[in-house]
Amino acid sequence: MDALWEILVIITVVVLAGLGLLVGYLRTGGRKSAPPVAPPARETKTRGANTYKPGGTATIDTSKGATQAPAPPAQAPVPEPAVEDEPAVVEETAPAPSLERPESARGRMTRLRSRLASSNNALGKGLLTALSGDKLDEGVWEDVEDTLLGADLGVEATTEIVDGLKRRVQVEGTPDTEQLESWLHEELLAQVGPDMDRRIAGSRVGDRPAVIMVVGVNGTGKTTTVGKLARVLVAEDKDVLLGAADTFRAAAADQLETWGARVGVPTVRSDKEGADPAAVAFDAVKAGQEGEVDVVLVDTAGRLHNKVGLMDELAKVKRVIEKQSPIDECLLVLDATTGQNGMRQAEIFADAVNITGVVLTKLDGTAKGGIVVLVQRELGVPVKLVGLGEGADDLAPFDPKAFVDAVLD
Ligand code: GDP
């Protein structure tokens, strides 16, 4: 009898357990976990501070808080409100890396002044030495001319500066050293163009993002500049999106994406080496419009098999972007240490695309600062930004007065 009771108890327990499992299964609808989110079936991808929507459209997380906070909360998807009795399914996500807070662009040039001064040592010292004698005769003016020409200022600007100084001496008589330095400062500043509009098109234009295209020969610091510029804009509270249209160089898209990820800026790119750069640029601008960002920054290739090919390609990238949106800014990146060579590059690029501003990089190195004056004259557009080092925040808005101060330090 005892044995029979035991068997009955065991059967009852098993049946109850089975029923329990069945009820549980039916209540969860047989789901084990949420279905995976499908990536878009397109060639370009948006990565970084973005999410994918099933169905093939990349959407961008443009919440300013997420890009500005020094240590943002992990961007895990917020779970749906739990249905009664139903356990909430929280997807596992990788912890978001903490974002960097870029330095505000204001005053950067002053911070980097010593680098500028040491790179332009020869110009400042040469001028002040030439003018330090008792007499201002033809020999002195020749020395001044040679110094200015040697610093890449070019013949026209050099002649104008020397003529300006001579005129002042004629009108006002022989100056003392202090007076002469002050005239020199004024003449140089006039050549650097204190009144040129050096603002970057970094704000939405009407109901669309500003589009900035960045061009330049490989090695000038173009991709680095796009990354640094994204930081400048993020520091100004802008929502930025990067387009990696340098598809010729395999590592360029990775490099750009890394720059963006550091400050929470997404990158539209293709994983296919040699993908059509115009298509990537087009997708980037489109994603920027859909995500309602403030600025789309498009990096482009700087090397192809030949010069004509590169210029044709850049012209095509420009045309294709313009089908989607006007281009508000086309920045040419020039390595300031390349002097006359850089000038020749600049002229070629200016023929292919409509340059609106120049970024002079490596002005901290062996550059001769006169290139600032020369490039503005030759291209008829202002130097808007200068690269003064390899650090992430070593890109500064160009400030003519701070520049001349540093040169004559
Ligand atoms: P890209 O081929 O034109 O895209 O050039 P990269 O952006 O890859 O830069 C080439 C090299 O120049 C890198 O080592 C950069 O760190 C360096 N570079 C870029 N800008 C500056 C600058 O303003 N100063 C110095 N000293 N180096 C720079």
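Residues numbered from 1 in each chain as written. Predicted model: local features only at pLDDT ≥ 70, side-chain atom pairs only at ≥ 80, totals over all residues.

Asker: Hey, could you run me through unusual backbone geometry in this one?
Answerer: Negative phi is the rule for most residues except glycine; trans is the rule for most peptide bonds. With a phi angle near 70°, Asp152 is a residue other than glycine that sits in the positive phi range. Here Asp152 shows up in the loop between helix H6 (138-150) and helix H7 (155-172). Phi at Asp237 takes a positive value of approximately 70°, unusual for a residue other than glycine. Inspection of the secondary structure assignment puts Asp237 in the loop between helix H9 (222-235) and strand S5 (240-245). (Helix = DSSP H or I, 4+ residues; strand = E, 2+ residues; numbered from the N terminus.)

Asker: How do you make sense of the packing of helix H13 (residues 339-352) against helix H14 (residues 371-379) when you look at a structure like this?
Answerer: In a packed pair of helices, the relevant descriptors are the angle between the two axes and the axis-to-axis distance. Relative to each other, H13 and H14 sit at 25°, their axes nearing to 10 Å. In terms of axis orientation, H13 runs roughly parallel to H14. Note on packing geometry: the crossing formed by H13 with H14 is right-handed. Contacts between H13 and H14 involve Gly339, Gly342, Met343, Ala346, Glu347 and Ala350 on the former and, on the latter, Ile371, Leu374, Val375, Glu378 and Leu379. Grouping the constituent residues of the contact of H13 with H14 by class yields seven nonpolar, two polar and two charged. (Axes fitted to C-alpha atoms, helices over the stretch in contact; angles between N-to-C directions. Parallel < 35°, antiparallel > 145°, perpendicular 65-115°, else oblique. Left-handed = near helix turned anticlockwise from the far one by under 90°. Contact = placed C-beta atoms within 7 Å. Nonpolar A, V, L, I, M, F, W, Y, C, P; charged D, E, K, R; others polar.)

Asker: Help me understand the sheet that holds strand S4 (residues 210-215), please; the structure alone is not making it clear to me.
Answerer: Strand pairing in a sheet is mediated by backbone hydrogen bonds. Such pairs are either parallel or antiparallel. Reading across the sheet, the nine strands line up as S1-S6-S5-S7-S4-S8-S9-S10-S11 and stay open at both edges, with mixed pairing between neighbours. This sheet does not close on itself; its edge strands, each paired only once, are strand S1 (44-47) and strand S11 (395-397). Adjacent strand axes in the sheet meet at a mean angle of 25°, parallel and antiparallel pairs treated alike. Sheet strands touched by helix H10 (residues 250-262): S1, S5, strand S6 (267-270) and strand S7 (295-300). Its angle to S5, the strand with the most contacts, is close to 170°. (Pairing = 2+ DSSP bridges.)

Asker: I would appreciate a short explanation of H6 in the present structure.
Answerer: A turn of α-helix holds 3.6 residues, and therefore any two residues three or four places apart point the same way. In a regular helix each residue adds 1.5 Å, so 13 residues correspond to 18 Å; H6 covers 18 Å between its end C-alpha atoms and thus fits that length. Within the span of H6, buried status applies to Val144, Thr147 and Leu148. Along the axis of H6, the buried residues cluster in a sector spanning 95°; they form a single face. Exposed residues lying more than 90 degrees from the buried face of H6 are Glu138, Gly139 and Glu142. Looking at the buried residues of H6, the elements they touch are helix H5 (121-130) and H7. (Expected span 1.5 Å × (residues − 1). Buried ≥ 20, exposed ≤ 12 C-beta atoms within 10 Å, placed from the backbone. Arc of directions from axis to C-beta.)

Asker: Would you explain the nonpolar core in this entry?
Answerer: A general trend in soluble globular proteins is that nonpolar side chains are found buried together. Ala230, Val240, Ala281, Leu297, Val298 and Leu360 are the most contacted members of the largest nonpolar core, which totals 95 residues. Sort the elements by how many residues they give to this core and helix H11 (residues 277-290) lands first, with seven residues. If we skip the residues at most four places from it in the chain, Leu360 touches Leu334, Ala336, Ile371, Val372, Val383, Val386 and Gly387. (Core = buried A, V, L, I, M, F, W, Y, C linked by C-beta atoms within 7 Å.)

Asker: Even after reading the chapter, I still don't get the site of the ligand, so can you show me in this structure?
Answerer: Around the ligand there are 18 residues in total, and Gly221, Lys222, Thr223, Thr224 and Gly387 lie nearest to it. Ranked by residues supplied to the shell around the ligand, first place goes to H9 with three residues. Residues that form the shell around the ligand fall into these classes: one nonpolar, 12 polar and five charged. (Near = placed C-beta within 6 Å.)

Asker: Before we go on, may I ask you to explain the environment of Val162 in this structure?
Answerer: Inspection of the secondary structure puts Val162 in helix H7. Spatially, the C-alpha atoms of Val162 and Glu187 are 8.6 Å apart, while their sequence positions differ by 25 residues. In this structure, Val162 is in contact with Trp141, Val144 and Glu145, ignoring residues within four places of it in sequence.

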